[in-house]
Amino acid sequence: MDMTLTSTPPDSQATTPLDQPDALTALFANRVEKTYPNGTHALDEVRLRIQQGEFVSLLGPSGCGKSTLLRMFAGLDTPSAGRILWWGSEKMDGADGKQSLSMVFQEPTLMPWARVRANTRLPLDLRGTPRAEADARVTEALQMVGLDKFADSWPRELSGGMQMRVSLARALVTHPSLLLLDEPFGALDEFTRNKLDSDVRNLWAQQAMTVAFVTHSIYEAVFLSTRVVVMAARPGRVIADVAIDGPEVRDEEWRVSAPFLAYCRQLSELLTAAAQGRV
Ligand SMILES: Nc1ncnc2c1ncn2[C@@H]1O[C@H](COP(=O)(O)OP(=O)(O)OP(=O)(O)O)[C@@H](O)[C@H]1O
């Protein structure tokens with residue numbers, strides 16, 4: 001297999017070279033480097049373009065810098081060199097100031113002393129959103145994740161999967177144009193993870209969001225994504241970019257289909273090569 005091969009990108013990407021943003025670019029990393037103060041060289045000239053409406057998964061060996069890159073996309077860290085553009089702007093709310101992003105972390109990070117409703121409302125409280133509007137948004141977000149009946153529960157009364165749903169609702173409550181998820185379901189059992197993957201995919205389709213999703217799981221990446229970006233072992237860089245030409249509605253049938261398994265095999269070979277430093 002040619003490890004440098006990049007499969008045909010989605011239509012929106014075909015018109016402009018991949019190393020340049022265009023009017024449809026939501027997120028653009030241009031030769032992004034990261035070296036931590038202790039000298040760890042985490043990322044090496046990462047170039048990545050994510051178009052509006054894409055669902056892009058970042059896949060790579062442990063320690064290749066996926067979380068580092070996502071944290072920089074969320075503005076929680078800065079590149080040592082290179083730059084990131086959000087909707088063509090150096091500002092995270094985009095060139096028109098109307099865009100927004102939310103991040104979901106590996107842990108639910110809920111406030112144990114606050115009920116589900118208050119946990120979900122937190123980003124709106126921080127923005128000073130009027131209470132009536134905030135409460136309506138919270139109800140809507142909890143409905144989206146199927147937890148509207150648990151608004152008055154405490155986090156400790158919920159399962160791990162339900163806590164991650166609250167974390168997801170808290171991210172959705174601001175109606176983000178870009179949702180960043182850092183291996184959100186890695187700690188959950190496979191059944192719950194599959195269910196949440198389906199829900200995230202449906203939410204992405206309904207909400208017209210752009211999603212960047214970090215995962216270790218080839219199956220999860222192929223199930224969810226319109227495109228999977230494979231990163232090489234540290235220092236991380238993009239070694240392959242695979243468009244997933246799957247059905248619009250992804251269900252259990254997709255998980256066992258021949259194309260699904262073919263994508264998994266292709267990505268497995270790329271990941272093995274990346275982990276062994278062959279690319
Ligand atoms: N704050 C930090 N200071 C120093 N080194 C760091 C810091 N954060 C991460 N690193 C190092 O940078 C490299 C990339 O880490 P990162 O967490 O981004 O990788 P990852 O691909 O997300 O890993 P995993 O898949 O295991 O979660 C690793 O070698 C890690 O030890």
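Residues numbered from 1 in each chain as written. Predicted model: local features only at pLDDT ≥ 70, side-chain atom pairs only at ≥ 80, totals over all residues.

So the rule is basically this: UniProt positions are given in the numbering used here, feature names are shortened, and annotations may be inferred rather than shown by experiment.
Per an unreviewed UniProt entry, the protein carries the name ATPase component ABC-type transport system and comes from Thiomonas arsenitoxydans. Comment text from UniProt for the protein, heading Sequence similarities (unreviewed entry), reads "Belongs to the ABC transporter superfamily."

## Thoughts on the site of the ligand
Inclusion rule: Using the backbone to place each C-beta atom, any residue with that atom within 6 Å of a molecule or strand is considered near it. Under the DSSP-based scheme used, a helix requires at least four consecutive residues in state H or I and a strand at least two consecutive residues in state E, with every element numbered from the N terminus. Polar here means any residue other than Ala, Val, Leu, Ile, Met, Phe, Trp, Tyr, Cys and Pro, which are nonpolar, and Asp, Glu, Lys and Arg, which are charged; Gly is therefore polar.
Lining the immediate environment of the ligand, one finds 14 residues, of which Tyr36, Ser62, Lys66, Ser67 and Thr68 sit closest. At 3 residues, helix α2 (residues 66-73) tops the list of elements feeding residues into the shell around the ligand. Of the residues belonging to the shell around the ligand, the class tally is 3 nonpolar, 9 polar and 2 charged.

## Thoughts on helix α9 (residues 258-275)
Under the convention used in this document: In a helix, the anticipated span is given by 1.5 Å times the number of residues less one. It is the C-beta atoms, placed from the backbone, that decide contacts: two residues are in contact if theirs lie within 7 Å.
Relative to the 26 Å expected for 18 residues at 1.5 Å per residue, α9 spans 26 Å between its end C-alpha atoms, a close match to the ideal helical length. In this fold, the buried residues of α9 make contact with β3 (55-59), α7 (218-224), β8 (227-231) and β9 (238-243). Looking at the residues trailing α9, positive phi occurs at glycine 277, about 70°.

## Focus: the packing of helix α3 (residues 116-127) against helix α4 (residues 131-144)
Heads up, the rule is: Helix axes are fitted to C-alpha atoms over the stretch in contact, other axes to C-alpha atoms as well, and angles between N-to-C directions run from 0 to 180 degrees. Our angle categories are set so that under 35 degrees counts as roughly parallel, over 145 as roughly antiparallel, 65 to 115 as roughly perpendicular, and the remainder as oblique. In this scheme the crossing of two helices becomes right-handed for a clockwise turn of the near helix relative to the far one and left-handed for an anticlockwise turn of less than a right angle.
The geometry of α3 relative to α4 is characterised by a closest axis approach of 9 Å and an angle of 125° between their N-to-C directions. One way to sum up the angle between α3 and α4 is to call them oblique. For the pair α3 and α4, the crossing hand works out as right-handed. Taken together, the residues of α4 that come into contact with α3 (itself represented by Arg117, Thr120, Arg121, Leu124 and Asp125) are Ala134, Arg137, Val138, Ala141 and Leu142. Class assignment of the residues belonging to the contact of α3 with α4 gives a composition of 5 nonpolar, 1 polar and 4 charged.

## Describing the nonpolar core
Selection rule: Core membership is restricted to buried Ala, Val, Leu, Ile, Met, Phe, Trp, Tyr and Cys residues, and these are joined into a nonpolar core through C-beta atoms within 7 Å. Three classes are used. A residue is buried when 20 or more other C-beta atoms lie within 10 Å of its own, exposed when 12 or fewer do, and partly exposed in between, with C-beta atoms placed from the backbone. Throughout the structure description, domain borders are defined by an automatic or database domain assignment.
Of all hydrophobic cores here, the largest spans 74 residues; its most connected members are Ala212, Val230 and Leu267. A total of 6 residues in this core trace back to one element, the largest contributor, which is helix α5 (residues 160-172). Residues from two domains meet in this core; each of domain 1 (1-11 + 21-100 + 178-189 + 210-279) and domain 2 (111-176) gives at least three. If we ignore the near neighbours within four places in the chain, the residues touching alanine 212 are Leu27, Ile50, Val56, Leu58, Leu70, Phe73 and Leu180.

## As for the pairing of β9
Short version of the rule: Note on pairing: two strands pair once DSSP finds at least 2 bridges between them.
Counting buried positions along β9 gives 5 out of 6 residues, so the element sits mostly inside the fold. Where β8 meets β9, 5 bridges bridge the pair, whose relative direction is antiparallel. When the bridges of β9 are listed, valine 230 appears paired with alanine 240. Remark: 6 residues form the turn of the hairpin made by β8 and β9, two consecutive strands paired antiparallel.

## A short note on the UniProt feature "domain: ABC transporter" (unreviewed entry) in the protein
Cross-referencing UniProt, the feature "domain: ABC transporter" (unreviewed entry) maps to residues 27-258 in the present numbering. The span residues 27-258 is 33% helix and 25% strand, and its two end C-alpha atoms sit 32 Å from each other.

## Things to note about the sheet that holds β9
Strand order across the open sheet formed by 6 strands is β5-β6-β7-β3-β8-β9, with mixed pairing between neighbours. For this open sheet the edge positions go to β5 (101-104) and β9, each flanked by a neighbour on one side alone. Here the average twist between neighbouring strands, direction ignored, is 15°.

## A closer look at the environment of glycine 186
Along the polypeptide, glycine 186 turns up in the loop between β6 (178-182) and α6 (190-207). Remark: the alpha-carbon pair of glycine 186 and glutamate 107, spanning 79 residues in sequence, is separated by 9.2 Å. Apart from the residues within four sequence positions on either side, glycine 186 is in contact with Gln106 and His216.

## Remarks on the environment of arginine 237
Of note, arginine 237 is situated in the loop between β8 and β9. Given 22 C-beta atoms within a 10 Å radius, arginine 237 is considered buried. Separated by 193 residues in sequence, arginine 237 and aspartate 44 have C-alpha atoms that sit 5.5 Å apart. Dropping the residues within four chain positions of it, arginine 237 is found in contact with Asp44, Glu45, Val46, Met231 and Ala232.

## As for unusual backbone geometry
The step from arginine 234 to proline 235 runs through a cis peptide bond, and the omega angle for that step is -5°. Within the secondary structure layout, proline 235 lies in the loop between β8 and β9. Its identity is not glycine, yet tryptophan 87 carries a phi of approximately 50°, on the positive side. As for its position among the elements, tryptophan 87 is in the loop between β4 (81-86) and β5. Phi is positive for glutamate 183, which is not a glycine, with a value near 40°.

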